[in-house]
Amino acid sequence: MAPVVAGMVVGMLALTAEPASSQSLREVFRRVNPSVVLIEASGAATPTPGAAASVDEGLGSGVLISADGKVLTAAHVVSGADTIQVRFITGDPVPARILASAPFADVALLQLAAVPPGAAVARIGDSDALAIGDQVFTIGAPYGANHSLAVGWVSARRVPDAVLEDATALEVFQTDLAVFEGNSGGPLFNVDGEVVGIVTHVLAKEGTATGPSFSVTGNVARKLMFEQRRAWFGVES
């Protein structure tokens, strides 16, 4: 079941979507930015099958998607970690644990020990409504520079052959967003400020800093992390 974000706890900011035509990207960024987090994982992080580990070990991004403290990120950011700390825009660290992980899709769900005042909950949108040529943006921590904005366009929608996670076909968006180490796990937003993907990796030639970026679609992430979520036992099966 998809997370319900209509009811907010006291001290949190509601993210009520407005028509894209009535708001600028600057306004949308300011509205959703408090939902984005920096993730610091410590321990023997290991690459996950089917995903390129393109970030510094234990450093990535994520997004708060429920009022009770659930955070979406990339699986390879937290895989193998002994401890996980999540930092909101205020900078205060919050302990987190893994609730679920889908290594082939490269998406994971974390549970926070607490949600700090002033945090915002992002809404998961319908990624099927996103088309090639639509504008998107992400907020993340390239090389640790937290809460950085990158804007671009959907270049393609790809379904890799014979790549399944719990019988769910993997689907990714290819974008021209300039993302770097530390962006992995960050939210891909549409112009309404809805989460339509989770940034997973970059396709770059050796010796180059960046190339086309890829995000698992929001509908695949929703299905794997909420509709058919498996119990997490600390190891990948």
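None of the values given here were measured: they were computed from a predicted structure.

Let's talk about the pattern of salt bridges
Okay, step 1: Scanning the model with the defined rule gives 4 salt bridges in all.
Okay, step 2: When the shortest N-O distance is used, the salt bridge between Arg 157 and Asp 128 registers 3.9 Å. Residue Arg 157 is located in strand E8 (residues 148-158), and its partner Asp 128 is located in the loop between strand E6 (107-112) and strand E7 (135-140); the two are separated by 29 residues in the primary sequence.
Okay, step 3: By relative accessible area, which is 28% here, Arg 157 ends up partly exposed.
Okay, step 4: In this structure, Arg 157 and Glu 171 form a salt bridge, with 3.3 Å as the shortest nitrogen-oxygen distance. Here Arg 157 is found in strand E8, whereas its partner Glu 171 is found in the loop between strand E10 (168-169) and strand E11 (172-175), with 14 residues between them in sequence.
Okay, step 5: It is possible to trace a salt-bridge network through shared partners that takes in Asp 128, Arg 157 and Glu 171.

Looking at the pairing of E11
Okay, step 1: Burial along E11 is two-sided: the residues Val 172 and Gln 174 and Phe 173 and Thr 175 are all buried.
Okay, step 2: As paired elements, E8 and E11 share 4 bridges and run antiparallel to each other. Opposite Arg 158, over in E11, you have Val 172 as the bridge partner.
Okay, step 3: Pairing of E11 with strand E14 (residues 213-217) involves 4 bridges; the strand directions are antiparallel. Within E14, the residue paired with Phe 173 across the bridge is Ser 215.

So, helix H1 (residues 25-32)
Okay, step 1: Every buried residue belonging to H1 is among Val 28, Phe 29, Arg 31 and Val 32, and all of these are buried. Along the long axis of H1, the arc covered by the buried residues comes to 165°, so they all point the same way. Pointing more than 90 degrees away from the buried face of H1 are the exposed residues Arg 26 and Arg 30.
Okay, step 2: Against strand E1 (36-43), E7, E8 and strand E12 (187-189) lie the buried residues of H1.

Parameters and conventions
- Residues numbered from 1 in each chain as written.
- Predicted model: local features only at pLDDT ≥ 70, side-chain atom pairs only at ≥ 80, totals over all residues.
- Heavy atoms only, no water.
- Salt bridge = Lys/Arg side-chain N within 4 Å of Asp/Glu carboxyl O.
- Helix = DSSP H or I, 4+ residues; strand = E, 2+ residues; numbered from the N terminus.
- Buried < 20%, exposed > 50% of the residue type's maximum accessible area, 1.4 Å probe, protein only.
- Pairing = 2+ DSSP bridges.
- Arc of directions from axis to C-beta.
- Contact = heavy atoms within 4.5 Å.

By themselves, these observations are geometric and do not establish any function.
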